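Residue strings, one per chain:
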Amino acid sequence: MDEALRQLLDEKVKLYNQPSFIEKDPISIPHSFNKKQDIEIAALFAAVLAWGNRTSIINNSKKLMLWMDNAPHDFIMNHNDTDLKPFLSFAHRTFNATDLLYFIAFLQYHYKQHASLEDAFVPDKKYTHDTVEQALIYFHHYFFSVEHPERTKKHISTPERKSACKRINMLLRWMVRKDKNGVDFGIWQKIKPAQLVCPLDVHVARVAYRLGLLNNTNSNWQNALRLTEHLRELNPNDPAIYDYALFGLGMAERF
């Protein structure tokens, strides 16, 4: 791996992997909470809504948390039908009230049986695969294992459909990565940072292509794996840390 490229990426990681990054990023939503389950639920909604304008992503995520009395786990477990009234008017891009109500129903179903959302990705005590591919596939099947609206399937992507799974990989980065910088939470233990796949969208794919890390600009699962392989050469234990550099170059610096 080119030494100049490593230096550039490491520099950008230092610049963007900072608490100052939190405020204008969807990760600010789970950072409003301290309880593990509240963080997980807030992170899931913030990640799933994370496409389009960042201000509207954050505003709509905040709106959801407010409707859940800023205690999402308690709300998920104990709400009644009339508490759901405000949610009927919700829309963010193509994510609407039908999708939202199913997410709430699924989360209640899950948390009645499990203490953490991590169990929705890894049912066993430990995750032993090279990458999170199997965890993403498991999550998709499990998420839709109860009666669900067909339309909601498009909001949880899966490698089985060749999707880059950008938003779910971002959620996993938030929950799994651990360092002292205070941006990512590192509250899940079964998956290791080394197994994460770098979140890939059109911006990151474009930057990766320009840097010679990809040979095309497609944002699909194959490229997400290919990019991660290159990043593992730089940091075998924590390839997804370079999401900060690639995202920063693409979004903030229009590289």
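What comes next concerns the included structure. (Residues numbered from 1 in each chain as written. Predicted model: local features only at pLDDT ≥ 70, side-chain atom pairs only at ≥ 80, totals over all residues. Heavy atoms only, no water.)

1. What to know about the side chain of D99
With respect to the helices, strands and loops of the structure, D99 is situated in helix α5 (residues 97-111). A polar contact is formed between the side chain of D99 and the side chain of H155, at a distance of 3.2 Å. If we ignore the near neighbours within four places in the chain, the residues touching D99 are T94, R151, T152 and H155. (Helix = DSSP H or I, 4+ residues; strand = E, 2+ residues; numbered from the N terminus. Polar contact = N/O pair within 3.5 Å; in protein donor to acceptor, adjacent residues only side chain to side chain. Contact = heavy atoms within 4.5 Å.)

2. Observations regarding the pattern of salt bridges
Scanning the model with the defined rule gives 11 salt bridges in all. The shortest N-O distance in the salt bridge between R54 and D25 comes to 2.8 Å. Taken together, the residues span a long stretch of sequence, with R54 in helix α3 (residues 54-67) and D25 in the loop between α1 (3-16) and α2 (36-48) at a distance of 29 residues. Owing to a relative accessible area of 26%, R54 belongs among the partly exposed residues under this scheme. With a shortest N-O distance of 2.7 Å, D243 and R173 are connected by a salt bridge. One end of the pair, D243, is in helix α10 (residues 243-252); the other, R173, is in helix α7 (residues 166-176), and 70 residues separate them in sequence. Each member of the pair, D243 together with R173, is buried. (Salt bridge = Lys/Arg side-chain N within 4 Å of Asp/Glu carboxyl O. Buried < 20%, exposed > 50% of the residue type's maximum accessible area, 1.4 Å probe, protein only.)

3. Some thoughts on the packing of aromatic side chains
On inspection of all chains with the given rule, the structure shows 20 aromatic pairs. Ring centres of F45 and F103 lie 5.9 Å apart, and the angle between their planes is 40°; this geometry places the pair in the tilted category. Separated by 58 residues along the polypeptide, F45 in helix α2 and F103 in helix α5 bring together distant segments of the chain. For R173, the ring lying beneath its charged end belongs to Y244, and the centroid distance is 4.3 Å. (Phe/Tyr/Trp six-rings, centres within 6.5 Å; stacked < 30°, edge-to-face > 60°. Lys NZ or Arg CZ within 6 Å of the ring centre and 35° of its normal.)

4. Remarks on the environment of Q195
With respect to the secondary-structure elements, Q195 resides in the loop between α7 and α8 (202-210). Spatially, the C-alpha atoms of Q195 and T128 are 8.9 Å apart, while their sequence positions differ by 67 residues. In this view, Q195 contacts Y127, T128, H129, D130, T131, V132, K190 and R232; residues no more than four positions away in its chain are not counted. At a separation of 2.9 Å, a polar atom in the side chain of Q195 contacts the main-chain carbonyl oxygen of Y127.

5. What about the nonpolar core?
In terms of nonpolar packing, the biggest core is built from 88 residues, with L9, F45, F121, L227 and L246 touching the most fellow members. In terms of residue count, the dominant contributor to this core is α2 (nine residues). (Core = buried A, V, L, I, M, F, W, Y, C linked by side-chain atoms within 4.5 Å.)

6. What to know about α2
Relative to the 18 Å expected for 13 residues at 1.5 Å per residue, α2 spans 18 Å between its end C-alpha atoms, a close match to the ideal helical length. Residues of α2 that are buried: Q37, D38, I39, E40, I41, A42, A43, L44, F45, A46, A47 and V48. Where α2 is buried, its residues touch α3, α4 (72-78), β2 (95-96), α5, α6 (133-143) and α7. (Expected span 1.5 Å × (residues − 1).)

7. Describing the state of the cysteines
The tally for this structure, following the rule as stated, stands at zero disulfides. Between C198, a free cysteine, and C165, which holds the nearest cysteine sulfur, the sulfur-to-sulfur gap is 13 Å. (Disulfide = S-S within 2.5 Å.)

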